[in-house]
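Chain by chain, the residues:
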Amino acid sequence: MKLSKLFLPLVKDLPADARTKSHQLMLRTGMIKQSAAGIYSWLPLGFKIMKKIESIVRDEQNKIDAQEMLMPTIQSADIWKESGRYDDYGEEMLRVKDRQGREMLYGPTNEELITEIFRTSIKSYKSLPQMLYHIQWKFRDEIRPRFGIMRCREFYMKDAYSFDIDENQAKQSYNKMFYAYLKTFNKLELQAIPMAADTGPIGGDLSHEFIILAETGESNVYADKKIFDIELKNYKFDRSSLEKMRNDFSALYAVTDEKFNKNDFDSKVKKSDQISKKGIEVGHIFYFGDKYSIPLNCLVDHQEGKKIPVKMGSYGIGVSRLVGALIEVNFQNDIMKWPKSVSPYDIVIIPNINKNKKQSFEIAVKIYKELKKQKIDVLLDDVDENMSAKFKKHELIGIPYQIIIGSKSEENRFEFKEVGKNATLLSLEEIKEIIKN
Ligand code: 5CA
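A short tour of the structure in this document, coming up. The residue numbers shown here count from 1 along each chain, following its written sequence. Per-residue local features are limited, in this predicted model, to residues with pLDDT of at least 70; the limit for side-chain atom pairs, both in listing and counting, is 80 or more; totals at the level of whole chains, interfaces and linings are taken over all residues. Hydrogen atoms and water are omitted, and side-chain values are computed over all heavy atoms in the structure.

**Things to note about the nonpolar core**
Note the cut-off: The definition of a nonpolar core used throughout is a set of buried Ala, Val, Leu, Ile, Met, Phe, Trp, Tyr and Cys residues joined through side-chain atoms within 4.5 Å. Think of it in three bands: residues with accessible area under 20% of the maximum for their type are buried, residues over 50% are exposed, and the middle band is partly exposed, with areas taken using a 1.4 Å probe on protein chains only. Every residue pair with non-hydrogen atoms within 4.5 Å of one another is taken to be in contact.
Ranked by internal contacts, the top residues of the largest apolar core, which has 86 residues, are I53, F185, L188, F210, M245, V323 and W338. With sequence-adjacent residues up to four places away left out, L188 is seen in contact with I53, I56, L322, L326, P339, S341 and V342. Judged by nonpolar contacts, the second largest core, of 27 residues, contains M71, A77, I79 and Y292.

**Thoughts on the site of the ligand**
Defined as follows: We call a residue near a molecule or strand when any one of its heavy atoms sits within 4 Å of it. The term polar contact refers here to a pair of N or O atoms within 3.5 Å; inside protein, the definition further demands a hydrogen-donor-capable atom paired with an acceptor-capable atom, and it admits residues adjacent in sequence only when both atoms are side-chain atoms. The protein chains shown are the only cover counted for residues, whose accessible areas, like all others here, come from Shrake-Rupley with a 1.4 Å probe. Put simply, DSSP marks the helices as runs of H or I at least four residues long and the strands as runs of E at least two long, and each gets a number from the N terminus on. By the convention adopted, Pro, Cys, Tyr, Trp, Phe, Met, Ile, Leu, Val and Ala count as nonpolar, Lys, Arg, Asp and Glu as charged, and the other residues, Gly among them, as polar.
Lining the immediate environment of the ligand, one finds 22 residues, of which T109, E111, R140, C152 and E281 sit closest. A distance of 3.3 Å separates an oxygen atom of the ligand from a polar atom in the side chain of H284. Note that a nitrogen atom of the ligand is positioned 3.5 Å from one of the side-chain N or O atoms of R321. Taken by itself the ligand offers 600 Å² of open surface, and the protein chains cover 95% of this. Ranked by residues supplied to the shell around the ligand, first place goes to strand β13 (residues 274–289) with 5 residues. Here the shell around the ligand is composed, by residue class, of 9 nonpolar, 6 polar and 7 charged.

**Side note on the side chain of Q61**
On the secondary structure map, Q61 appears in helix α2 (residues 44–63). By relative accessible area, Q61 is classed as buried at 0%. A distance of 3.3 Å separates polar atoms of two side chains, one belonging to Q61 and the other to K158. Apart from residues no more than four positions distant in its own chain, Q61 is found in contact with A66, Y133, K158, A160, M177, A180 and Y181.

**Observations regarding the sheet that holds strand β6 (residues 103–106)**
Our working definition: If DSSP finds at least two bridges between two strands, the strands pair. Axis definition: a line fit to C-alpha positions, over the contact stretch in the case of helices; interaxial angles, taken between N-to-C directions, run 0 to 180 degrees.
Strand order in this open sheet of 3 strands is β4-β6-β5, and the pairing throughout is antiparallel. Taken across any chain shown, the strands that pair with only one partner, and hence form the sheet edges, are β4 (74–76) and β5 (94–97). On average, adjacent strands in this sheet sit at an angle of 35° to one another, irrespective of strand direction.

**Concerning the packing of α2 against helix α9 (residues 319–330)**
Inclusion rule: When an angle is under 35 degrees it counts as roughly parallel; over 145 it counts as roughly antiparallel; between 65 and 115 it counts as roughly perpendicular; any other value is oblique. By definition, turning the near helix anticlockwise from the far helix through less than a right angle yields a left-handed crossing, and turning it clockwise yields a right-handed one.
Packing of α2 against α9 brings their axes to within 9 Å, and their N-to-C directions diverge by 115°. On the basis of their axis angle, the class for α2 and α9 is roughly perpendicular. Handedness of the crossing formed by α2 with α9: right-handed. Between α2 and α9, the residues in contact are I49, M50, I53, E54 and V57 and V319, S320, L322, V323 and L326, respectively. Residue classes in the contact of α2 with α9 are distributed as 8 nonpolar, 1 polar and 1 charged.

**With respect to a positive patch on the surface**
Heads up, the rule is: Two distance rules govern patches: like charges are joined within 9 Å, and nonpolar side chains (Val, Leu, Ile, Met, Phe, Trp, Tyr) within 5 Å, applied only to residues with over 30% relative accessible area and no salt bridge. Here, a salt bridge means any side-chain nitrogen of Lys or Arg that lies within 4 Å of a carboxyl oxygen of Asp or Glu. Charged residues are defined here as Lys and Arg on the positive side and Asp and Glu on the negative side; His and the ends of the chain fall outside this count. For this purpose, a charge sits on NZ of Lys, CZ of Arg, CG of Asp or CD of Glu.
On the surface, a cluster of positive charge is contributed by K2, K5, K369 and K372. Note that K5 resides in the segment before α1 (21–28).

**What about the pairing of β5?**
Pairing of β5 with β6 involves 4 bridges; the strand directions are antiparallel. Opposite R95, over in β6, you have L105 as the bridge partner. Hairpin geometry of β5 and β6 is characterised by an intervening segment of 5 residues between the two adjacent antiparallel strands and by a positive phi of about 80° at G101.

**Observations concerning the packing of α1 against α9**
Look at α1 against α9: their axes get within 8 Å of each other, and the N-to-C directions meet at 105°. In terms of their interaxial angle, α1 and α9 are classed as roughly perpendicular. Touching K21, S22, L25 and M26 of α1 are V323, G324, I327 and E328, all from α9. Across the contact of α1 with α9, the residue classes tally to 4 nonpolar, 2 polar and 2 charged.

**Side note on the pattern of salt bridges**
Taken as a whole and assessed by the stated rule, the structure comprises 37 salt bridges. Across the pair D248 and K244 runs a salt bridge, and its minimum N-O distance is 2.8 Å. One end of the pair is D248 and the other is K244, both in helix α7 (residues 239–250) and 4 residues apart, which spans about a single turn. Residue classification places K244 among the partly exposed positions, given a relative accessible area of 48%. In this structure, the salt-bridge partner of K271 is D266, at a minimum N-O distance of 3.7 Å.

**A short note on unusual backbone geometry**
The omega torsion across L128 and P129 is 0°, close enough to zero to call that bond cis. Position of P129 among the secondary structure elements: in the loop between α5 (111–121) and β7 (130–139). With phi around 60°, F147 is a residue other than glycine that occupies positive phi space. Inspection of the secondary structure puts F147 in the loop between β7 and β8 (154–164).

Quick look at the structure:
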């Protein structure tokens, strides 16, 4: 892609409410545009990054054999009346009427709808366990939407639902998801801490939030820093190893405000190991047994011939919120560097048009074509502006690798720079190798 053709509406004047790094950067680089309070359009740059995050989330769900599907955003109020949550959910739920006067709503989550689908489709214990997920827009009429897409009203979520015959099996599903979440966040180069959590309007008695430490986070986090020493690679994907993994995490103190108790914290964690910081919740998982299957009558035939309610859990990841979380973590000293796995482009070529303009540009185009041929997703900065303006712009766009064509480049060796590191002179072959690895 040529930068001159990219739809990248850079914004200089930020609204007063843009106070966090992620909100500011996303507006400045034209990743998003607000269309109403807490509702945003995702413009090409932001959308591309979000889609890459989505694809990593999807891969890790598929790896644990969760099956992807797609439920609608608009749901009938009837099933929510069956579960009892239609009234309980309160003003966060956006309620609408269709032309026949039927009560509908924009889904804030999907426990009811998936249970309704399941109860009419699966009749026997032999079809269990099942794990289904979708990645779909949600709407919650948050009382105070803020921080851009971090706490907005319409947001993009991966939500998965597990169905098991008994509590024991359901907890195995929970552990699998726990593992998949840690893998997902690792791939995004984020260190997520699983924390014992309250269950809120979703319900149930077992729940973990996955939290990324960041100054602008909304949650207060209290944890034992030994939790960072637990390494996922030490666990296998089998029942007992996954159980051990969850127990190892649970043995260390890690909670947010709602579960915080100062006496416990001080008695369980020695002072020098205490972390007391802010964090961003990027995922939340729940085991709630038959909270929905009983009222919605979601039963399966059991071995002894009697019908029993399935045991369920639900598992959410804030896919759109993750875009902001990655910025909060990676935007340092006014320089953004996307993790390679989600960067909008693999590399950017910046010809020095201050000197030997025509020649630099010709070399840049040649390299651009060559990298494209190799299926490397490359951005060519062909905009006619001075070098300092160019560098400033790329410090915000955050592509991790740059080729700078200018005075320092030799005939067949070019100035190559990984953001945050010193530039080196490399041949195109060497550059290709680095990008491909
Ligand atoms: N049904 C469950 C699990 S599928 C559920 O809805 N859980 S949740 O309420 O915790 O939401 C899951 C994730 O969505 C959160 O961890 C958070 O990352 C994201 N999220 C929730 N509310 C918002 C919001 N207003 N704006 C952006 N992301 C949000």
